[in-house]
Amino acid sequence: MFRSHIPALATLTAVAVTLAASPAWAAPPGGPDPIAGFTQENSKWQRQYERLLSAIPSGKEGRSLDAELAAEPGLATTTGDRHRVARIVARLRSYGLEPQVKTYYAYLSMPKRVKVEMTAPQRRTLPVKEKPRPWQKDFDQVIPGHNGMSPSGNVRGEVVYANYGRPEDFALLAKNGVSVKGKIVLVRYGRVFRGIKPREAARRGAKGVLIYSDPADDGFTKGKVYPDGPWRAADGIQRGSIAQIQLAAGDPQTPGWPATKGARRIKPSDAPMLKGLVPTTPISYGAAEPLLRALKGAQVPKDWQGGLPFPYRTGPGGTKVHLDLRNDYQVRPLWDVTVRIPGSQRPDQEVILGAHHDAWTYGSVDNLSGAENVLQIGRALGRLLKQGWRPKRTVVLATWDGEEYGLFGSTEYAEQQAERLRNAVAYVNMDGAGGSEFGASATPALDQSVIDASKEVRWPGTDGTLYEAWKARNEGKTPISRIGGGSDFQAFFQRYGVPAMDLGAATPGSAGNYHCSCDDFYWTSHFGDPDYEYHAAMSRLVGIATLRLANADVLPLTYRPYAVETAGYLADYTEAQRKRLGSVVVDVSRDIDQAKAWQRAAEALQARADEALRKGDTAAFRRLNEKIMQAERDLLTATGLPGRSWYRHQVYAPGIDTGYATQRLPALYDALFVDKDPATAKRYEAHLHESLRAATRTLTP
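As the structure is a prediction and not an experimental result, all values here were calculated from the model. (Residues numbered from 1 in each chain as written. Predicted model: local features only at pLDDT ≥ 70, side-chain atom pairs only at ≥ 80, totals over all residues. Heavy atoms only, no water.)

Draft legend 1. Region of interest: helix H12 (residues 408-416). The buried fraction of H12 is high, at 8 of 9 residues. Taken as a whole, H12 has its buried residues at Phe408, Gly409, Ser410, Thr411, Glu412, Tyr413, Ala414 and Glu415. Contacts from the buried residues of H12 go to strand S1 (100-120), strand S7 (320-341), strand S9 (393-400), helix H11 (403-406) and helix H15 (489-495). (Buried < 20%, exposed > 50% of the residue type's maximum accessible area, 1.4 Å probe, protein only. Helix = DSSP H or I, 4+ residues; strand = E, 2+ residues; numbered from the N terminus. Contact = heavy atoms within 4.5 Å.)

Draft legend 2. The pattern of salt bridges, seen in detail. Tallied over the full model, the rule gives 36 salt bridges. Its salt-bridge partner being Arg47, residue Glu456 comes within 3.2 Å of it at the nearest N-O pair. Separated by 409 residues along the polypeptide, Glu456 in the loop between helix H13 (447-454) and helix H14 (466-473) and Arg47 in helix H3 (residues 40-54) bring together distant segments of the chain. Take Glu456 and Arg47: they sit in the same class, and that class is buried. For the salt bridge of Arg332 with Asp328, the shortest nitrogen-to-oxygen distance reads 3.2 Å. (Salt bridge = Lys/Arg side-chain N within 4 Å of Asp/Glu carboxyl O.)

Draft legend 3. Seen up close, the side chain of Arg548. Position of Arg548 relative to the elements: it lies in helix H17 (residues 533-551). When neighbours within four sequence positions are excluded, Arg548 is seen to be in contact with Ile35, Phe38, Gln46, Arg47, Glu50, Asp452, Ala453 and Glu456.

Draft legend 4. Representation of the packing of aromatic side chains within the structure. Here the structure, examined in full by the defined rule, presents 31 aromatic pairs. Here the aromatic rings of Trp135 and Tyr226 are separated by 6.4 Å at their centres, their planes lie at 75°, and the arrangement is edge-to-face. On the criterion of sequence distance, the pair formed by Trp135 in the loop between strand S2 (124-126) and strand S3 (153-161) and Tyr226 in the loop between helix H8 (215-218) and strand S6 (280-283) is long-range, its members being 91 residues apart. Exposure remark for Trp135: the relative accessible area of 35% places this residue in the partly exposed category. Their ring planes at 50° and their centres at 5.3 Å tell us that Tyr562 and Trp598 sit as a pair that is tilted. Of the two residues, Tyr562 sits in helix H18 (residues 560-581) while Trp598 sits in helix H19 (residues 589-615), which places them 36 residues apart along the sequence. (Phe/Tyr/Trp six-rings, centres within 6.5 Å; stacked < 30°, edge-to-face > 60°.)

Draft legend 5. A look at the confidence of the model for the protein chain. Per-residue pLDDT for the protein chain averages 95, and the proportion of residues at 70 or more is 96%. Below pLDDT 50 for its whole length, residues 1-25 participates in 36 contacts with residues either more than four positions away or in separate chains. (pLDDT = per-residue confidence, 0-100.)

Draft legend 6. Layout of the environment of Ala418. The residue Ala418 is located in the loop between H12 and strand S10 (424-429) in this model. A sequence separation of 233 residues divides Ala418 from Val651, and the C-alpha atoms of the two residues are 20 Å apart.

Draft legend 7. Highlighting the state of the cysteines. The tally for this structure, following the rule as stated, stands at 1 disulfide. Put simply, Cys516 and Cys518 are joined by a disulfide, and their sulfur atoms are 2.1 Å apart. Disulfide Cys516 to Cys518: torsion about the S-S bond roughly 110°, handedness right-handed. For Cys516, a relative accessible area of 1% gives the class buried. (Disulfide = S-S within 2.5 Å.)

Draft legend 8. Region of interest: the pairing of strand S8 (residues 346-356). Among the 11 residues of S8, 9 are classified as buried, and the element is accordingly described as predominantly covered. Direction of pairing for S8 relative to S9: parallel, over a ladder of 8 bridges. Bridging across to S9, Leu353 finds its partner in Leu397. Following the chain from S8 across helix H10 (residues 364-386) to the adjacent parallel S9, one finds a crossover that is right-handed. In the sheet, S8 pairs with S10 via 5 bridges, with the strands oriented parallel. Paired with Leu353 across the strands is Val428, a residue of S10. (Pairing = 2+ DSSP bridges. Right-handed = clockwise from strand over helix to strand, strands pointing away.)

Draft legend 9. Region of the structure containing the nonpolar core. With 153 residues, the main nonpolar core has Leu381, Phe438, Tyr559 and Tyr573 as its most contacted residues. The biggest single contributor to this core is H17, with 10 residues. Residues contacting Phe438, with those up to four places away along its chain left out, are Val450, Trp459, Leu466, Trp470, Arg473, Leu503, Gly504, Ala505, Met538 and Leu541. Listed in part, the 42 residues of the second largest apolar core include Ala162, Leu186, Leu210 and Leu291. (Core = buried A, V, L, I, M, F, W, Y, C linked by side-chain atoms within 4.5 Å.)

Draft legend 10. Representation of the pairing of S7 in the model. Bridge analysis of S1 against S7 gives 19 bridges, and the strand direction is antiparallel. If you follow Ser109 over to S7, its bridge partner there is Tyr329. Bridge analysis of S3 against S7 gives 6 bridges, and the strand direction is antiparallel. Bridging across to S7, Val155 finds its partner in Leu323.

Next comes the structure, spelled out in structure tokens:
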């Protein structure tokens, strides 16, 4: 089994000059210890590949990619997006790879008219687009402020300020006697997914919603603003979709099946992602200031006060607005770009690495930083392929389209490849991956893989590894979040049970350019990562993590910590019932016992894996890997979650009232605490129990 690796060794001398020419911190630390999931001998081979790969990504290449790809706006389905796809394809071909462009057809909105007018106490037309900067090309192709998937509308009304627009914010207004019925609600970005805000306003009878970025959150109170600094200027507008991604993802008209040409489509009025909304548009804090300044009513609580220099008030009274939106909805083409590098031993098993290439404006950070890192990894793998190397398992590189509207491109791909995904080892995601501050989210089974890969990458601006820098920033810990919502991992993980990790890195001030026209090459090259060395380091990290999953003898997914966490979630659910309901309505004690049995099975499987690796027992490797690949999928329920059947994962989902944040045990929490339906909660407890039993059986000999 070592034969396919031998040709790469002959290249070590050839790349010695490249390694020597790289910065000292660029070379991976390496080490004599075996890599998790590899035999002692194969660990040596793997480390050679990691050194070869790590020598190739560079800050110079990252800068070149960004200067090219971020030169033109890249909104999904537009001419700029098509040009971006062509550039990505050309780059991949230049690396010796064979990219494929897959077209899907998605129902989405484009702004045709955006008018926001203050009508009282004075008449004033408010700006709906940033002013152009001299270096920004094709600025006429930057759309005005737009909340994708918003309904059109021509509405007038008094304004009410509702803080972040969370359910609890509207509840506090009602408690204080402030109704939003028939009003236009002004809310600030943050704390929850933007789509929650108009949903909550609509539930309470509001006519429309304006969303602005408050300077207390990402503007001048934080530091210098663009173009003198990284933070949001007074004219900066945060665009973004309000599609209800906590209910489903992908093309709203094809929930659960691919949006191919001629696909069956449901009516927009029946699409879960589009229900329960009112006309909504984003504005800048410069435009919001006169609206807030003129508001009457009670002064807001301290934690509702933003950064503008006057007391905020709730209204109504004082301020009136005319909101006139015409959003053009059509089915439009999207373009995913993929490269498939077949595995030498298990071509049927795939490791998928993806990042979206579409952007609301120029998208240098969100998310060309991720897409460019996919290209840097593709360049490295192309170099290895020319030297005779092949991964053991198939590696798929992807840049997705339409992520910003509701995870369209990745979801349609996953729905079309559903059968093939049964053999997917893992999905690795990047969405914002070019800054000094590293962060990760993952299924618990992949935590150790993330940590181990971080030990192999030198981190710019430090004398050590990413692992050491990560710990230094977090009081000696390596925090890894659990996967919730808001990026391209959702379909793979939460619908099809593919183990997933999301690796990113941001710079202080990154929030200030989020989804505005200032997310451009100028911002990154001046404030985000001027040398593009963090981009290159992230390419090395993700490249190593991907290659380890592709080449491991025994897949490095560990389920013991997963089982321990799940038992903890169940205990928390019991305690939440006592606190919120006064008694335990849904008994999950048998689920806790089953999670502990799962833990014991995982410990026993790990012992068998360790023994097989010591002996080099290739027959055992195959049996173990089949079990390891199945365990995450055992946690799915075929019926889907209550009220949102597109989601199937019973341990993690986006929060129904947060959209981005992770909800643990979503079916149990949603049924009992959101829907007030104990019968459904008990039914889903039975589903969960059977899934935990299945996961235990899977890991048992």
